Amino acid sequence: MTEHRMFAPRRERYEREQVITAVVFLLPALVVLGVFVIYPIVAAGQISLTSWNGFDPVKEFIGFDNYARLFSDPEFWNSLLVTCVYAVGVCLLSVATGLTIALLLDAPLRGRGFYRGIYFLPAVTSSVAAAIVWKYMLDPAGFVNGVLALVGIEGPDWLQDRWLALGALTALTVWKNLGFNAILYLTALQALPQGVFEAAQLDGAGFWHRLRHLTIPLLAPMTFFVVVQALITSFQAFDLVYVLTGGGPQGGTEVLGMLMYREAFRLGDFGYGTAIAFVTLALVLGVSLVNWRASGAGRSSLR
Amino acid sequence: MRRSTRLNLVRHLVLIAGSAVVVVPFLWMFTTALQSRAETYTNTSILPTSWHWENFAQAWEAAPFGQYYLNSIVMSAGIVTGHLVLDALAAYAFARLRFPFRNTLFVVLLAALMIPTFVTIIPAYAIVADLGWIDTYWGLIVPRLADVFGIILLRQFFASIPVELEDAARIDGCSRVGTFFRVIVPLSRPAFATLAIFSFLFAWNDFLWPLLVTNTDEVRTIQIGLASFVGRYGTSWNYLMAGTLTATIPSIVVFLFFQRALVRGIATTGLKD
């Protein structure tokens, strides 16, 4: 009896009919997400502590050996370097190009919708298609070197040089995400208080002055968002790399995603592959945290 | 006035130059798809000297693009339907119903959204393998029938619909499930449209998951088919571009038709692939 009374007030707070409906409505989505998203997060932690080829029923527990192995694996260090250079490049160029296009489109310009549509086109194209076309354009006999030949320059074999290939991959990524970044910045620009700009203009502040002292600081929350997004997407890059270079030449574009794919699905080392995935996770979380802490603007934007 | 006209001219020039950079790869894809094979090696002009429309038919013969296409359609349709139904039901529960652990559950889902796919993909693959779903439509579709992004998107939209509308319907004798289908769903068409477009584009363009769970042409999607075509027919650039173009057309058509909903979705959710 006392037990019953103890729980009675709780039961009253929820209507039976609502709870039942909620369970029925939630169940299908939660089963799918639980089995294929939530549970795998836990399972991944366990797999990363085993040596497992993905098929054996037995997963041999080896503690932190996979993580220790990362430290002495030159391929991992190469991959980490490649990923970081790539991520920083993508980040800087995403902010620069996205902001430039957004500033241009912010003016009451004829054909704005048309430009917006054009810039967005690469974003809806699949990574595979985009990478295939770029691969062809960067071919020694392709479009890029054809254009260079017109001005008398003999173009290099872009995808056969370590750093050129990484640069090409960076450019492709920025090209593909240009529309997203421009629209994000454009939305932020249009939400800025116009009065401040008019006042500054009356005080005689020129375009560059307003850009430096008003627009860019006021856009800081959006820049924070664009930077974090760019870093997160580049840490997780796979499709573009797989098709454009396959990680080559000589590991020059082997980002962490490629390394994980190769170790797990080509070489059958699921334990090691999962450990690499966790390093990616640590990078993503670390970047979000550092960026969030460092940027006061970021903090206020999240509130 | 004169100054601003000149300024606008500069703006247009920069925007046009930028557009050219963006569009050239598409033009290049299109014209190469129509060139003869010999011409793809010696091309100096962007336009083909003769138009080879038969490249499309020949590319479709060189690889089972028809089958790939069908597989992509089946997979995308399945995933879009799943998102519209499963996400909507869950979103309604989160937006309107009071039940134990509602907030905890929602926070768990939000946290899961921040975990990179890489972390979950190996165990998810192992589960699909255990279920015997490798190389089946089940393996392509079922693991992605629901997604957290859709739940959040629809929940926000449902929450913005006045509760009074539902109350009125309930007073008139409509059941809770009835109000969901007769009040909420019809009013949420724009949100459903946005979700459907995003889900379609993600599903159609997805690569890693279909790459892992398919081994044969019977279930391979167009993206995987294309990627393997690069390896096998890498030197037949004209066929390759014909294939790439056919794979890209559905995304571009969807984009052109639903541009407004898509842009609105990005602006409001900050979503990025």
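A brief look at the structure comes next. Because the structure is predicted, anything quoted here is derived from the model rather than measured.

Attention now goes to the overall build of chain B. Helices and strands together make up the secondary structure of chain B, namely 14 helices and 0 strands. Seen through its principal axes, chain B has C-alpha atoms that stretch 75 × 70 × 35 Å. Burial analysis of chain B (273 residues in total) assigns 55% to the buried set. A sequence separation of at least 24 residues applies to 72% of the contacts in chain B between residues at least 6 apart. Across chain B, 19 positive and 15 negative side-chain charges occur, with their mean positions spaced 15 Å apart.

To continue, consider the environment of Leu70(B). Among the structural elements, Leu70(B) can be located in helix α4 (residues 65–96). Taking the C-alpha atoms as reference points, Leu70(B) and Phe157(B), separated by 87 residues in sequence, lie 33 Å from one another.

Each partner contributes residues to the interface: chain B has 91 residues there, and chain A has 90 residues. Buried area between chain B and chain A, both sides added, is near 8,000 Å², and the carbon and sulfur share of it is 78%. Here chain B is connected to chain A by 2 salt bridges. Note that Glu17(A) and Arg170(B) form a salt bridge whose closest N and O atoms lie 3.7 Å from each other. Counting the contacts that link chain B with chain A gives 8 residue pairs in polar contact (both at pLDDT 80 or more). Examining the composition of the side of chain B that touches chain A, we find that 17 residues originate from one element, helix α1 (residues 2–33) of chain B, more than from any other. For the side of chain B that touches chain A, a count of residues per class yields 66 nonpolar, 17 polar and 8 charged.

A few words on helix α6 (residues 127–137) of chain A. Burial within α6(A) is extensive, with 10 of its 11 residues counted as buried. Along α6(A), the residues that are buried comprise Ser127(A), Val128(A), Ala129(A), Ala130(A), Ala131(A), Ile132(A), Val133(A), Trp134(A), Tyr136(A) and Met137(A).

Let us look at the packing of helix α9 (residues 194–202) of chain A against helix α10 (residues 207–218) of chain A. All names here are of chain A. It is at 11 Å that the axes of α9 and α10 come closest, and there the two elements cross at 170°. With respect to each other, α9 and α10 are oriented roughly antiparallel. Of the residues in α10, those in contact with Val196, Phe197, Ala200 and Gln201 of α9 are Arg210, Leu214, Thr215 and Leu218. Of the residues in the contact of α9 with α10, the class split is 5 nonpolar, 2 polar and 1 charged.

For the rest of this paragraph, the subject is the side chain of Lys176(A). Inspection of the secondary structure assignment puts Lys176(A) in helix α8 (residues 162–190). Within the local environment of Lys176(A), its side chain forms a polar contact with the backbone oxygen of Thr125(A), the two atoms lying 2.9 Å apart.

In this section: helix α10 (residues 176–187) of chain B. Since the α-helix advances by 3.6 residues per turn, residues separated by three or four positions end up pointing in the same direction. The terminal C-alpha atoms of α10(B), which comprises 12 residues, lie 16 Å apart, in line with the 16 Å expected from a rise of 1.5 Å per residue. Of all the positions in α10(B), only Arg176(B), Gly178(B), Thr179(B), Phe180(B), Val183(B) and Ile184(B) are classed as buried. In the core, the buried residues of α10(B) are packed alongside α2 (16–47) of chain A together with α4, α8 (148–159) and α9 (163–171) of chain B.

Criteria and cut-off values
Residues numbered from 1 in each chain as written. Chains lettered and ligands numbered in written order. Predicted model: local features only at pLDDT ≥ 70, side-chain atom pairs only at ≥ 80, totals over all residues. Heavy atoms only, no water. Helix = DSSP H or I, 4+ residues; strand = E, 2+ residues; numbered from the N terminus. Buried < 20%, exposed > 50% of the residue type's maximum accessible area, 1.4 Å probe, protein only. Contact = heavy atoms within 4.5 Å. Lys, Arg positive; Asp, Glu negative; His and termini not counted. Charge placed at Lys NZ, Arg CZ, Asp CG, Glu CD. Buried area = accessible area lost by both parts, 1.4 Å probe. Salt bridge = Lys/Arg side-chain N within 4 Å of Asp/Glu carboxyl O. Polar contact = N/O pair within 3.5 Å; in protein donor to acceptor, adjacent residues only side chain to side chain. Nonpolar A, V, L, I, M, F, W, Y, C, P; charged D, E, K, R; others polar. Axes fitted to C-alpha atoms, helices over the stretch in contact; angles between N-to-C directions. Parallel < 35°, antiparallel > 145°, perpendicular 65-115°, else oblique. Expected span 1.5 Å × (residues − 1).

Purely geometric numbers; function is a separate question.
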